[in-house]
Structures are given as structure tokens and as C-alpha cells.
Amino acid sequence: MPIRSPTISADLADSTAIKHSRRSAGPVVIEARNVDKTFRVPHHRVDSIKERAVHPLTRIEYRELHALHDISFDVHKGEFFGIVGRNGSGKSSLLKIMASIYRADAGSVRMAGRMAPFIELGVGFNPELTARENGVLNGVLMGLTRREARRRLGAVIEFAELEDFADLKLKNYSSGMMVRFAFALMVQADADIMLIDEVLAVGDAAFARKCMDVFHERRNAGKTIVLVTHDMVTVQSMCHRAMLIDDGELKFIGDPDETALRYYRLNFAGPQRELPGERQPLIDFNAKVISATLRDAAGAAIENVEEDAPISIDVAIEAARRLDGPSFVFHVRNDDGVVVFSFTTRLDCGVAPGQRVRLTGLIENRLVPGRYFLDVWVRQDDSETVFALQGLRLLAFVVFGTGSHDGLVNVGAEIDVSLEP
Amino acid sequence: MTDQALELREVPGPSALGGGRRRAFELLIEIALNDFKKAYFGTVLGYVWSVARPLLTFAVLLAVFTHVFHFNAKVHNYPAFLLFGVVLFGFFQEATMIAVASIVGHEAVVRKTQFPRLVIPLAVVCTTLFNLALNLVVTFAFIIVLGVSPTWTWLLLPAILLLLFVFTTAVSMIVSALYPRFRDVSIIWAVIAMALFYGTPVLYPIYVVSHNLRDVIALNPLAPIFDLGQRWVTEPSTPLPSAAVMGGPVRLAIAIALYVAVCVLAVWIFRREAPRIAEEL
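Note that the coordinates shown come from a computational prediction; the quantities given were computed from them, not determined experimentally.

Peer 1: Describe the overall build of chain A, listing the residues and the values that go with them.
Peer 2: When helices and strands are counted, chain A shows nine helices and 20 strands. Expressed as a percentage of contacts within chain A between residues at least 6 apart in sequence, the contacts between residues at least 24 apart total 73%. Of the roughly 20600 Å² that chain A leaves accessible, carbon and sulfur atoms contribute 51%.

Peer 1: Any details on the side chain of Ser93 of chain A? Residues and values, ideally.
Peer 2: Among the secondary structure elements, Ser93 of chain A is positioned in helix H3 (residues 91-98). For Ser93 of chain A, the contacting residues outside a window of four places in its chain are Phe39, Ala67, Leu68 and Tyr102 of chain A.

Peer 1: Please give an account of the sheet that holds strand S11 (residues 301-302) of chain A that cites residues and values.
Peer 2: All names here are of chain A. Here we have four strands laid out as an open sheet, ordered S11-S10-S13-S18, and antiparallel in their pairing. Two strands close off the open sheet at either side, each with one partner strand: S11 and strand S18 (356-363). Pairing of strand S10 (residues 287-295) with S11 involves two bridges; the strand directions are antiparallel. By the bridge assignment, Leu294 is partnered in S11 with Ile302.

Peer 1: Can you tell me about the pairing of strand S9 (residues 249-254) of chain A, naming the residues and giving the values?
Peer 2: All names here are of chain A. Relative to S9, strand S8 (residues 241-246) runs antiparallel, the two sharing five bridges. Counterpart to Leu244 in the pairing with S9 is Phe252. In this antiparallel pair of consecutive strands, S8 and S9, the connection spans two residues, and Asp247 shows a positive phi of 50 degrees.

Peer 1: Describe the sheet that holds strand S3 (residues 80-84) of chain A, and please don't skip the residues or the numbers.
Peer 2: All names here are of chain A. As summarised here, the arrangement of the six strands in space is S5-S6-S7-S3-S8-S9, forming an open sheet in which the pairing is mixed. In this open sheet, the two strands that pair with only one neighbour each are strand S5 (115-118) and S9. Strand-to-strand twist of the sheet, defined as the mean angle between neighbouring strand axes without regard to direction, takes the value 15 degrees. Summarising the sheet, S3 and S8 pair through four bridges and their orientation is parallel. Bridge pairing in S8 links Phe81 to Arg241. With respect to the sheet, H3 is in contact with S3, S5, strand S6 (193-197), strand S7 (224-229) and S8, its orientation differing from that of S7 by roughly 150 degrees.

Peer 1: Which residues make up the interface of chain A and chain B, and what values go with them?
Peer 2: Taken together, the 52 residues of chain A in the interface contact 48 residues of chain B. Between chain A and chain B, a total of about 4100 Å² is buried, with carbon and sulfur atoms accounting for 57% of that surface. The closest approach of N and O atoms between Arg146 of chain A and Glu30 of chain B, which form a salt bridge, is 3.3 Å. Taken together, the connections running from chain A to chain B amount to five residue pairs in polar contact (both at pLDDT 80 or more).

Peer 1: Can you break down the nonpolar core residue by residue, with the values?
Peer 2: Ile30, Met98, Phe183 and Leu195 of chain A are the most contacted members of the largest nonpolar core, which totals 171 residues. With 14 residues, helix H4 (residues 78-100) of chain B is the largest single contributor of residues to this core.

Peer 1: Run through the packing of aromatic side chains, naming residues and quoting values.
Peer 2: For any two aromatic rings, the description comes down to two numbers: the centre-to-centre distance and the angle of the planes. A full pass over the atoms with the stated rule returns 21 aromatic pairs over all chains. Ring geometry for Phe183 of chain A and Phe215 of chain A: centres 6.0 Å apart, planes at 75 degrees, overall edge-to-face. You can see Phe183 of chain A sitting in helix H6 (residues 175-188) and its partner Phe215 of chain A sitting in helix H7 (residues 205-220), a full 32 residues away along the chain. For the ring pair Phe92 of chain B and Trp189 of chain B, a centre distance of 6.2 Å and an interplane angle of 70 degrees mean the geometry is edge-to-face. Residue Phe92 of chain B is found in helix H4, and its partner Trp189 of chain B is found in helix H9 (residues 185-199); the two are separated by 97 residues along the sequence. Taken together, the aromatic side chains of Phe89, Phe92, Phe167, Trp189, Phe197, Tyr198, Phe226 and Tyr259 of chain B make up a single cluster linked through ring pairs. Stacked on the ring of Tyr179 of chain B, the Lys or Arg Arg183 of chain B has its end atom at 5.3 Å from the ring centre.

Peer 1: Describe helix H4 (residues 131-141) of chain A, and please don't skip the residues or the numbers.
Peer 2: Of all 11 residues in H4 of chain A, 10 are buried, a share of seventy percent or more. Those residues of H4 of chain A that sit buried are Ala131, Glu133, Asn134, Gly135, Val136, Leu137, Asn138, Gly139, Val140 and Leu141 of chain A. Those residues of H4 of chain A that are buried are in contact with helix H5 (146-159) and H6 of chain A together with helix H1 (21-41) and helix H6 (107-112) of chain B. Looking one or two places after H4 of chain A, you find Gly143 of chain A, whose phi comes out positive at around 100 degrees.

Peer 1: Could you give me a rundown of the packing of H5 of chain A against H6 of chain A, with the residues and numbers involved?
Peer 2: All names here are of chain A. Interhelical geometry of H5 versus H6 gives an angle of 135 degrees and a closest axis separation of 8 Å. With respect to H6, the element H5 is oriented oblique. Here H5 and H6 pass one another in a crossing that is right-handed. Taking contact as the criterion, the partners of Arg152, Ala155, Val156, Ile157 and Phe159 in H5 are, on H6, Phe181, Phe183, Ala184, Leu185 and Gln188. Here the residues of the contact of H5 with H6 sort into eight nonpolar, one polar and one charged.

Peer 1: Give me the lowdown on unusual backbone geometry, citing residues and values where you can.
Peer 2: All names here are of chain A. The phi torsion at Asn34 lies on the positive side, around 50 degrees, for a residue other than glycine. Looking at the element boundaries, Asn34 is found in strand S1 (residues 28-42). Exposure remark for Asn34: the relative accessible area of 40% places this residue in the partly exposed category. Positive phi values are uncommon outside glycine, yet Ser100 reaches one of about 65 degrees. Within the secondary structure, Ser100 sits in the loop between H3 and strand S4 (106-111). The class of Ser100 is buried, set by a relative accessible area of 1%.

Peer 1: A description of a nonpolar patch on the surface should follow, citing residues and the corresponding values.
Peer 2: Residue and element names in this part refer to chain A. A cluster of nonpolar side chains, contributed by Val338, Leu408, Val409 and Val411, occupies part of the molecular surface with about 290 Å² of accessible area. Counting through the fold element by element, Val411 comes out in the segment after strand S20 (386-400). Classification of Val411 by relative accessible area gives exposed; the value is 52%.

Peer 1: Now, about the confidence of the model for chain B: what can you tell me, with residues and values included?
Peer 2: Residue and element names in this part refer to chain B. Across chain B, the average pLDDT comes to 84, with 92% of residues at or above 70. Element-level pLDDT for chain B is lowest in helix H3 (residues 71-74), with a mean of 77, against a maximum mean of 94 in helix H8 (residues 157-178). Taken together, the chains of this predicted complex give a pTM of 0.70 and an interface ipTM of 0.76.

Peer 1: Quick one: what's the story with the confidence of the model for chain A, residue by residue and with numbers?
Peer 2: The predicted structure's coordinates, where accompanied by low pLDDT, should not be read in detail. Taken over all residues, the pLDDT of chain A has a mean of 78, while the share at 70 or more is 80%. Taken as a whole, residues 271-284 of chain A scores under 50 in pLDDT and shows 21 contacts with residues more than four places along the chain or in a different chain.

Peer 1: Just give me the short version of the environment of Tyr259 of chain B, but keep the residues and values in it.
Peer 2: All names here are of chain B. Relative to the helices and strands, Tyr259 resides in helix H12 (residues 249-273). Taking C-alpha positions, Tyr259 is 8.3 Å from Asn220, a pair spaced 39 residues apart along the chain. Beyond its immediate stretch of four places on either side in the chain, Tyr259 contacts Leu163, Val166, Phe167, Pro221 and Ile225. A polar contact of 2.6 Å, which involves the side chain of Tyr259, links it to the backbone oxygen of Leu163.

Peer 1: Give a detailed account of the packing of H4 of chain A against H1 of chain B, specifying residues and quantitative values.
Peer 2: Between H4 of chain A and H1 of chain B, whose axes approach to 9 Å, the crossing angle comes to 165 degrees. Taken together, the axes of H4 of chain A and H1 of chain B lie roughly antiparallel to each other. Judged by the sense of rotation from one axis to the other, the crossing of H4 of chain A with H1 of chain B is left-handed. Where H4 of chain A approaches H1 of chain B, its residues Glu133, Val136, Leu137, Val140 and Leu141 of chain A are matched on the opposing element by Arg23, Glu26, Leu27, Glu30, Ile31, Asn34 and Lys37 of chain B. Considering only residue class, the contact of H4 of chain A with H1 of chain B consists of six nonpolar, one polar and five charged.

How each quantity is defined
Residues numbered from 1 in each chain as written. Chains lettered and ligands numbered in written order. Predicted model: local features only at pLDDT ≥ 70, side-chain atom pairs only at ≥ 80, totals over all residues. Heavy atoms only, no water. Helix = DSSP H or I, 4+ residues; strand = E, 2+ residues; numbered from the N terminus. Contact = heavy atoms within 4.5 Å. Areas by Shrake-Rupley, 256 points an atom, 1.4 Å probe, with all protein chains shown as cover. Pairing = 2+ DSSP bridges. Axes fitted to C-alpha atoms, helices over the stretch in contact; angles between N-to-C directions. Buried area = accessible area lost by both parts, 1.4 Å probe. Salt bridge = Lys/Arg side-chain N within 4 Å of Asp/Glu carboxyl O. Polar contact = N/O pair within 3.5 Å; in protein donor to acceptor, adjacent residues only side chain to side chain. Core = buried A, V, L, I, M, F, W, Y, C linked by side-chain atoms within 4.5 Å. Buried < 20%, exposed > 50% of the residue type's maximum accessible area, 1.4 Å probe, protein only. Phe/Tyr/Trp six-rings, centres within 6.5 Å; stacked < 30°, edge-to-face > 60°. Lys NZ or Arg CZ within 6 Å of the ring centre and 35° of its normal. Parallel < 35°, antiparallel > 145°, perpendicular 65-115°, else oblique. Left-handed = near helix turned anticlockwise from the far one by under 90°. Nonpolar A, V, L, I, M, F, W, Y, C, P; charged D, E, K, R; others polar. Patch = residues over 30% accessible without salt bridge, like charges linked within 9 Å, V, L, I, M, F, W, Y side chains within 5 Å. pLDDT = per-residue confidence, 0-100.

Next comes the structure, spelled out in C-alpha cells:
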């Protein structure tokens, strides 16, 4: 069995410890039963009385948007619980129902203990007030008296590292400072249950590290954390259990790795939406791409590849000028623009203008999960010089999976480990 | 850690006063104080402006109604009468106009926390009430300067203020709860507020109006409040019984009924809308 990732980062090392320290489930602190939520979205929004008055008899037609349907789950004390799903899947609505911001149409949510929400990167600020004033307001909102809230504020500002900006109005804060402050407030509220929506999407690495430290510390203190996120790395490294929601329905609940894998399948294996801006051809006066297709083992066209599955390509290129014995240099680039590997193939004959060249084949897939681009350079090898005629973007695709994201590729390795006698 | 089952409590969902009265009260004070500080310490002339505005309005109206309409000849102590009315109506108008967009203005809080929704318009009314208290100090100084001597009936004025405060709160609740759904409430309310200004005995005492017109004015719950208040300030000799007020018990009864109706409507609308406001924003 090859070891997939020989290097383990500090983050992942910690999180492994969490998972292994998992004990028998504590008592239930959040109990959701058959939660339903439907938003009524008018076909065209009627938000003036005039429109109502002009057409008093026409019923406003609503499109019913089933945000959540029959969601039931339990979260146990001390658990780090992830909620994942695509945009618009209903996961944030669910969190808002848990946080008493939306009301469920049916079903119930019950909780034990004090709850602190952290939604849309904030805890609800008034931008016209200073950090200090907002801090007190938030403390009161969390159920402290005004005096207690004022007393705790020092610790909050210190935690957020905003000592020099405490009397600045929040509208003058950078988004990073705002998030830091909001997070500090939520942490200092010392609630039993934290409901967090996408906290790690912004903020620098140091802040992300700090969040992680807090999560670990709270978790050890027996607090419960519910995290809504798109980031499967966080889910896999931090959560004890995770839940996948799609189209308002609960699709899976349990092991975070399994949840992440199902999330990836949902995202990348389904019918692909066109991603804008990714398939624009480069200038193609010497050759142009007629078609470029990714196929799976069975030969069906796919848009994305699961990790370890071979990448089969089928490309047609039309020459715009005469090519004598052209070479085709393929580059596989990752999202950072780094060429992960490259390979060349050559056609030993001339190509007339307008004639098409077909390139098919199989690429061994050792790519770590992530986004990739396949480019090809059409090259003319003259007797004296070699020059590239044309660079072409062939494909943009995602390799999805739950394996290690470290490094660029997974090469096989077999390491025996044993104690020396 | 015990494995004993913990007591689970229903998550209540958003509401007008969710999260307990004590918390709502603390929040109300905190928000009202912040708004007040902002108004008075944010600008150099903060306090000066808040006093100057009703005084300037008063000066303009006084000029028009004494020189053009010669009200000062018909009405005893007209300048004092007018000043008191303008300051009092200024409170109602300012509070309700600010309240219209108040919930939308606190969007971040409403969308991200279980914030007791009622606190928001209530804080606006409270802030404006502080404002009124300060303005009344100046107003009464002026009234004395204008030649009206203080009387014991001035001590009854808190009753008037309470009635006005409750009504202002009710109207603020209605407009602030409807505004997220119907954005033209702000425009409509501006027009209604102006109509109310002329339909309330602020510029004129009710007894100079013809009987037919009084029937219309009687529909306005603000009318008896202002009528009574202005009598207590400027005409302590006028008899107090309710029969004198509004020129008849039937008219007064209508006004009281409407007053109560508006308050009930306010509670009903606000309770109905409060759970949904976060979704409408």
C-alpha cells in the first residue's frame, strides 16, 4: 500500500489527533426534526403598494423555493459538526433557522445551552458605530448585561489584535479587521454552541491558524461547533461528523471523508455548468482547436476526473497554414499556473491548410485533487530551429477526490516501518 | 462530561421581543444611547441643530400666521401656542420618519442575529424622546419669555407626552414593519405626516375651525392630545372636562377609539411581520 502523502502538515497532524481522540457520543445538544423551509419568491417582485393597487385582483404569483425539506439530525455535545453543500443548497438557511433568524415552516429545532451565531462573516455590526460600541451591543445581544459586556470588551479587542483601532468606526475597518473582530466577539461570548458560516473564507493565514486553535480549544472544553462550509479540507481535517445537503434535502450524514467525497461527486460528476472565461481560445492564426473532449474509461464524455482515474483525451486541431512534421507539446498546468508535467508527440507528415489532426490517448493520472488546464503547443521543427507556432488551451478540468492535497502529484511509494529489535 | 441527556429547549425563531424582556430592554438602552451620542457628539453643532430646527420652523410659521393670517389677534398667546405645538409635532414627525427605514438600516443585525425586532423602532422613538425633553427645556424658557406665566396645569403635561409617545411608537411599529416589504411606505408616510400636520391643531386651535371641519379633524387621534396639551400650556383658565375638548364627547370618543385601533393594529402587524423581516431584506 503506497503512502499517499509523505509529508503531513501541522494542521493535518493536529486534526488527526482530534479524530482519533473521538470518544463515545455525548448527550444531544441540537436536535432538528423534520425541518421544512420554503421561500416564496414572487415572479416579479412586488414591493410597492402601487403595484398592488393597480392590479388588486391579480394574485401575485409566487415561485415556491423549497430551501429545506424534512431535515432531521442530532448534534452531540463536544462535537465538531460540518454542514456542506453547494451554493443554494439550503445549508445557510438551515443555520439561520438554528440561529433563530429564520423561522422554520414546519418541524422543530431544539437546543441545550447558550448559542452564538457567526453568519455571513459577521455577528451583526452597525458600521456607523465604533468597534467598542459594537462590542458592547453584541455582548448585550449575547445576553450579558451592559456592564459585563463592557468589562469583557478588553479581552475581545486584545484577541482581535485591534487595540489601536478600538475607537474607529467599523465602516473604516478593512474586511479582514472586521472578521477578526467579529470572530473575537463570538469566541469571547463563550457560548456552549457555536454556529459558524464560512469563517475561513477570508482572513490571512495567521488568522486562519488562530481560528483553528480556537476551534481545538473550544472542542476540548466540551463546546459544540457547527460549521457550514464549502471547504472540504476543513471538513476532513476538523469535523467529527458532517452532513451533506443538496437541493434542500439531506443526502448524507456521517463520516467527514465520505461526506467530502460525495460532495465532490455532486459537484464535478454531475452535468457540468459552463464556467465562464475558461475556454477562451488563444490567438489561433496558425492552428485552431476544433474539439477537445475528456472521456472516462467507458468512453463517455466527462468534464472532470476522479483522482487516480486515467485521463482520456480526444482532440481535433485544424491547421491554418501548412505544417511540415509538426510536434504537439502538451502541458498540464495546475491552478497556480505551474506546469505539472508535459509530454510531446509528433506527426511525421505534412498537414495542408484546413486539414485536421486528431490526437487521442490516455494520460496516467497522478494529479492531486484540484483544478487543472491542458494546453498544447503546436511546434514546427525546422532543420535548424525549433519554434512554436501556436499555443492552444484545450481543456479545463477538476480532479476531485479526498486524497492528500499536498504537493503536485501523488507518486507511489512503499515504505516499511517497524521497530528495531 | 456526563452522558446524561441535557434539557433541550425549542429554538424560538425570530420575533418582536425574542430572547427575553431584560435583554430587549438592555439592547434598547444601548441602541438609544448610541444614537443619542451620535446625534449630539458627532457634529460640533449637534445639539444646536436639534434645537434650532424646531425654532426655525416656528419662526417661519409664526411670521406667516401672524402677518398673513393674523392668528395672533384671534388666539390668546398665539406664539407660545404655536411654539409648543411645533415642538411636540416635530417629535412625532421626526420619530416616525426615522423609524420607517430603521429596520432596514439595521439590516446587518437583523440578518445575522436573533435580534428582538421591536427594539429597533422603539430605540428610534426613545432617542427622539430624549431630544424632545431637551427641546422642551428651551421651549418653556421661550414660552415664559413670551409672557405666559407658569401654572399648575404644566404639571399635567407628562400625561400628554405619554399619550403621544405611545401613539408615536405604534405608528413607528407599523411603518417600520411594512417598509421591508413595501418600499414606498417611506414616501406615502411622508405625505400622510404632512397631512396630519395640517389636520392637527398645531397651527390653529380647534375652536377656530368650522363645525364641519371639526368632524374631519376629530378622526385624527393626535387632535385631542394636542388640543389638551396646548390648553394646559397657554390657557389654564379653560375648563378641563373632556366635554370641552374637541367640542363634544362623541368626537372625543371617535378619536380615542381610533387611537386604540392604531395601537392594536401596530401590535398585530408587527407580530405578524417580525418573524419574516430577515427574509424580506
